[in-house]
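# Breakdown of the fold
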Amino acid sequence: MILDIVTYPDPRLKEVCEPVAEVTDDIRQLAADMLETMYAAPGVGLAAPQVGRNIRMLVMDPAMKDEEKQPRVLINPVLTLSGEEVLSEQEGCLSVPMNYRADVKRMSNVHLHATDLDGNIIDEDLEEFPAIIIQHEYDHLDGILFIDKISRLRRTLYDSKVKKWLKRKSAV
């Protein structure tokens, strides 16, 4: 089932998420629905708060358009950042309206510790595009959007555009 995506400035996107206590059938169904929603949007990652669930779970797929899908479900991820600071060019977000994009500084390497839907421990190193995706989605679990990482001026300009867009949208 395709879920509704929560969009900025919804206050739920600013909340720090709670750990998943147990992988249940409801969690498995949510993961399947999140993957379906992510692919339909289309996107490469989606965190639970983006669909209104305040839990530490995310889905992602770093596969390029011409590659076979590589869906991942990560429960209670913990990241250790390393490497060099890199520029994530034209980063976007399914929860940030008007297809707004900006360059964001991220780290080149990430060590991921998480659990999968079968309770297996995941301990692996990610780099390049997968590392950027996981940092972006992980930020959502801590109530951080990529627009929180851009300059104050760019953020102010974006906020004013969103307010005008929301006003026009509600007038319709």
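Here the structure is a predicted model, which means the values were calculated and not measured.

Our next topic: the pattern of salt bridges. Scanning all chains against the criterion turns up 10 salt bridges. Glu91 is the partner of Arg106 in a salt bridge, and the nearest nitrogen-oxygen pair spans 2.6 Å. Of this pair, Arg106 sits in strand 4 (residues 102-115) while Glu91 sits in strand 3 (residues 72-91), and the two are 15 residues apart along the sequence. By the burial criterion, Arg106 is buried, and Glu91 matches it. In this structure, Asp139 engages Arg106 in a salt bridge whose closest nitrogen and oxygen atoms are separated by 2.7 Å. With Asp139 in helix 2 (residues 128-141) and Arg106 in strand 4, the pair connects residues that are 33 residues apart, well separated along the chain. Accessibility classification places Asp139 together with Arg106 in one group, the buried group. Several salt bridges share partner residues, and in doing so they unite Lys14, Asp148, Arg155 and Asp159 into one network.

This part covers the pairing of strand 2 (residues 57-60). When a strand is regular, its side chains alternate between the sheet's two faces. Burial along strand 2 is two-sided: Met57 and Val59 and Leu58 and Met60, pointing in opposite directions, are all buried. The pairing of strand 1 (residues 45-47) with strand 2 spans three bridges and is classified as antiparallel. Across the sheet, the residue bridging to Leu46 is Val59, located in strand 2. Relative to strand 3, strand 2 runs antiparallel, the two sharing four bridges. Counterpart to Leu58 in the pairing with strand 3 is Leu74.

For the rest of this paragraph, the subject is a positive patch on the surface. There is a patch of like positive charges on the surface, built from Arg154, Lys161, Lys164 and Arg168. Considering the arrangement of structural elements, one finds Arg154 in helix 3 (residues 152-171).

A word on the UniProt feature "binding site: Fe cation" (unreviewed entry) in the protein. The feature "binding site: Fe cation" (unreviewed entry), as given by UniProt, occupies Cys93, His136 and His140 in the numbering adopted here. Across 48 residues, the annotated set stays spatially compact, with a maximum C-alpha separation of 10.3 Å. Within the secondary structure layout, Cys93 lies in the loop between strand 3 and strand 4. Discounting residues that sit within four places of it in the chain, Cys93 has contacts with Gln50, His136, His140 and Phe146. By secondary structure assignment, the location of His140 is in helix 2. In this structure His140 comes out as buried when scored by relative accessible area, which is 1%. Look past the residues within four positions of His140 in its chain and what remains in contact with it is Glu15, Cys17, Ala47, Pro49, Gln50, Cys93 and Leu145.

Cut-offs applied
Residues numbered from 1 in each chain as written. Predicted model: local features only at pLDDT ≥ 70, side-chain atom pairs only at ≥ 80, totals over all residues. Heavy atoms only, no water. Salt bridge = Lys/Arg side-chain N within 4 Å of Asp/Glu carboxyl O. Helix = DSSP H or I, 4+ residues; strand = E, 2+ residues; numbered from the N terminus. Buried < 20%, exposed > 50% of the residue type's maximum accessible area, 1.4 Å probe, protein only. Pairing = 2+ DSSP bridges. Patch = residues over 30% accessible without salt bridge, like charges linked within 9 Å, V, L, I, M, F, W, Y side chains within 5 Å. Areas by Shrake-Rupley, 256 points an atom, 1.4 Å probe, with all protein chains shown as cover. Lys, Arg positive; Asp, Glu negative; His and termini not counted. Charge placed at Lys NZ, Arg CZ, Asp CG, Glu CD. UniProt positions renumbered as here; feature names shortened; annotations may be inferred. Contact = heavy atoms within 4.5 Å.

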